[in-house]
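Chain by chain, the residues run as shown.
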Amino acid sequence: MADFLIHYMAPIMFAALVVFLLLGYPVAFALAANGIVFGLIGIELGLLHPILFQALPERVFGIMRNDTLLAIPFFTFMGLILERSGMAEDLLDTIGQLFGPLPGGLAYAVVFVGALLAATTGVVAASVIAMGLISLPIMLRYGYDRRLASGVIAASGTLAQIIPPSLVLIIMADQLGRSVGDMYAGAFIPGFILSALYAGYVLLMTILVPGCAPALPPEARTLRGMQLFVRCLMTLFPPLVLIFLVLGTIFLGIATPTEGGAMGATGALILALIKRKLDWSLLKQAMDTTAKLSSFVLFILVGSSVFGLTFRAVDGDLWVEHLLINLPGGQVGFLVVVNAMVFVLAFFLDFFELAFIVVPLLGPVAEKLGIDLIWFGVLLGVNMQTSFMHPPFGFALFYLRSVAPAREYIDAVTKKIMQPITTMQIYWGAVPFVFIQVIMVGLVIAFPQMVTMMLDKGNGVDPNSIEIILEGDPVPGDGSTDLPAVTGDETSTEPQADEMTEPSEENAEPSDEPATEEEEEKTE
């Protein structure tokens, strides 16, 4: 029995973690408990040394000293302040008027505002709840199909997970050991392509089923002409300035992601102050929620560090590597299996749990297979979006259910009795958008340039070709020395390979002729 445990410690440890998670134990404590218990078992069996756990305090303090994670409370606080400042309400009202004459205009407005909110708040709950409270009653009032209305609101809210500044991308960059700025730049284009796919689905539905998303009637369009144009400018200016303040400074290299988050939080406070929405109650709620979410993330990270310490000590990383690196198909086979696994796990785990449990195991294998980790992180980020939309456990669906009408109600404008939205209508409305997210995963795999084209390519110099020459040393290949040119140097030519094939006696013969004449004779 002891030999069996020693040999299969890594898979048993991983299986035990899955069992604990399925039983409903908190993720942070399930991770930490597994790490400690199996560490003690390994010490008892002689597989591990007791000194192993002396590394735990340093790991915990390393998490506390991690400057990258400071961006999480900053962006969370910014999103919560903006969500309560009325910005979402103003955007939805104005953009709804702009797209109102078009069939499906309100749905287009929800997608557009969802992308803007994603680029400013970065919080799914804030986006879904705000759009559910503001847009859903209007869409129902004017005859929108309940499944389409529910699906487009929930899906547009999840854009906050892939469009920067996203909390998912911050954690992904930290777990993969890459720059948050690069991760943001790589996710920028895929995020807005996904928004375009959502809008394309709305267009397709309005063509195939014209009555599912009618245009706003003339009496509902209160703004027209220059008045609408000025209102759009006034409404769009604050979020666009905030987007530049956060993302523009990061992409231009002026600020780090942490500094960008701090400027965004300051900008959100100024915006709320201008709108006269900033008071002590708002600040207290925002700071309370920010502290809870930040503590939640850090506790999971500490738990995953404890688990990872023991898991790597029993060669769990090698077990995962051997399991995945030998898959048929090389990189393509690895990507297919990994994305299928993440898609299935997203039915049961949210993105925080996936990022802290699965990503640290997959990153080293992807790097050994020659996969760019920025591209891999963005790909997983797009895939993890589905964790918010999967029926029946998608968090975006829960958020929408909490604000969608569950009983008959009287519409405030038309005074008609409106039917409620059922949970099954919300679930069926989410299914097409889950398929669109899966299609987006395939597009990122098929066209990696949409991620890599935004990354900084540097100066194009290969670090391996750099040679350091001290002052006074002879420079190879400049004719001032009898030393041969360095292999691989651009000054060396093909005859260098011929020298290696000649007999050693000829190579040993001294020659007073210049190097250029030797090369001419050998080429002849």
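Up top is the structure these notes are about.
In short, a report on the structure. (Residues numbered from 1 in each chain as written. Predicted model: local features only at pLDDT ≥ 70, side-chain atom pairs only at ≥ 80, totals over all residues. Heavy atoms only, no water.)

Description of the packing of aromatic side chains
Geometry of an aromatic ring pair is reported as the spacing of the ring centres plus the angle between the planes. To keep things clear, this is the line we draw: Stacked, tilted and edge-to-face are the three classes assigned to paired rings of Phe, Tyr and Trp, where Trp is represented by its six-membered ring and a pair needs centres within 6.5 Å; plane angles under 30 degrees give stacked, over 60 edge-to-face, the rest tilted.
Within the structure shown, the criterion is met by 13 aromatic pairs. An aromatic cluster is defined as three or more aromatic residues linked by ring pairs; in this entry it consists of F14, F307, F311 and W319.

Digging into the nonpolar core
As a reminder, the rule being used: The set of buried Ala, Val, Leu, Ile, Met, Phe, Trp, Tyr and Cys residues whose side-chain atoms join them within 4.5 Å is what this entry labels a nonpolar core. Relative accessibility thresholds used throughout: buried, under 20% of the residue-type maximum; exposed, over 50%; partly exposed, between the two (1.4 Å probe, protein chains only). Secondary structure follows DSSP: runs of H or I at least 4 residues long count as helices, runs of E at least 2 residues long count as strands, and numbering of each begins at the N terminus. The criterion used for residue contact is that any of the two residues' heavy atoms lie within 4.5 Å.
Formed by 153 residues in total, the largest nonpolar core has its most connected members in M139, V152, F334 and F376. Looking at this core, the element that brings in the most residues is helix α7 (residues 105-118), giving 11 residues. Contacts of M139, omitting those with residues within four sequence positions, involve L106, A107, V110, Y144, A149, V152 and I153.

A look at a nonpolar patch on the surface
The cut-off we apply is this: Patch definition: residues above 30% relative accessible area lacking any salt bridge, with like charges linked at up to 9 Å and the nonpolar side chains Val, Leu, Ile, Met, Phe, Trp and Tyr linked at up to 5 Å. The Shrake-Rupley method, run with a 1.4 Å probe sphere, supplies the accessible areas, and residue values consider only the shown protein chains as cover. By definition, a salt bridge exists where a carboxyl oxygen of Asp or Glu is found within 4 Å of a side-chain nitrogen of Lys or Arg.
Together, V18, L22, V344, F348, F393, F395 and F398 make up an exposed nonpolar region whose accessible area comes to about 660 Å². Broken down by secondary-structure element, the contributors of at least two residues to the nonpolar patch are α2 (9-22) and α20 (395-403). The topology assignment puts F398 in helix α20.

Brief notes about the side chain of T158
Assignment of secondary structure puts T158 in the loop between α9 (146-157) and α10 (167-176). Setting aside residues no more than four positions away along its own chain, T158 makes contact with V124, Y198, Q385, F388, M389, A396 and Q437.

Side note on helix α3 (residues 27-44)
Just so we agree on the cut-off: Here a helix's expected span is defined as the number of its residues, less one, multiplied by 1.5 Å.
For α3, which comprises 18 residues, the first-to-last C-alpha distance of 26 Å matches the rise-based estimate of 26 Å (1.5 Å per residue) to within 8%. V27, A28, A30, L31, A32, N34, G35, F38, G39 and G42 are the residues of α3 that are buried. Contacts from the buried residues of α3 go to α2, α14 (280-313) and α17 (351-357). Two residues or fewer after α3 comes G46, characterised by a positive phi angle close to 85°.

Here's the deal with the packing of helix α16 (residues 330-345) against helix α18 (residues 359-368)
Put simply, the test is: To obtain each axis, a line is fitted to C-alpha atoms, and for helices this fit is confined to the stretch in contact; angles are then taken between N-to-C directions over 0 to 180 degrees. Should an angle fall under 35 degrees it is taken as roughly parallel, and over 145 as roughly antiparallel, whereas 65 to 115 is taken as roughly perpendicular and any remaining angle as oblique. Handedness of a helix crossing follows the sense of rotation of the near helix relative to the far helix, less than a right angle counterclockwise being left-handed and clockwise being right-handed. Amino acids are sorted into nonpolar (Ala, Val, Leu, Ile, Met, Phe, Trp, Tyr, Cys and Pro), charged (Asp, Glu, Lys and Arg) and polar (every other residue, Gly among them).
The interhelical angle for the contact between α16 and α18, taken along N-to-C directions, is 165°, at an axis separation of 12 Å. Of the possible angle classes, the one that applies to α16 and α18 is roughly antiparallel. α18 is crossed by α16, and the crossing has left-handed handedness. Facing F334, V338, M341 and V342 of α16, the residues of α18 in contact are L362, V365 and A366. Taken together, the residues of the contact of α16 with α18 break down into seven nonpolar, no polar and no charged.

Observations regarding helix α12 (residues 225-251)
Here is the rule: One axis fitted to the seven residues ending at a residue, another fitted to the seven starting there: the angle between these axes is the bend at that residue.
At F237, α12 is bent by approximately 35°, the largest bend along its length, and proline P238 sits one to four residues beyond. Within α12 the residues assigned to the buried category are L228, C232, T235, P239, L242, I243, V246, L247, G248, T249 and I250. Among the structural elements, α5 (71-84), α6 (87-99), α7, α11 (180-208) and α13 (257-274) are those in contact with the buried residues of α12. Backbone geometry just downstream of α12 places G253 in the positive-phi region, at approximately 80°.

Topic: the pattern of salt bridges
Summed over the entire model, instances satisfying the criterion amount to six salt bridges. Between E367 and R178 there is a salt bridge, and its shortest N-O distance comes to 3.3 Å. Linking E367 in helix α18 with R178 in the loop between α10 and α11, this pair joins segments that are 189 residues apart in sequence. Its relative accessible area of 46% is what places E367 among the partly exposed residues. On the accessibility criterion, R178 (33% relative accessible area) is partly exposed.

What about the environment of V241?
Topologically, V241 is positioned in helix α12. By relative accessible area, which is 38% here, V241 ends up partly exposed. The spatial distance from the C-alpha of V241 to the C-alpha of G264 is 9.9 Å, given a sequence separation of 23 residues.

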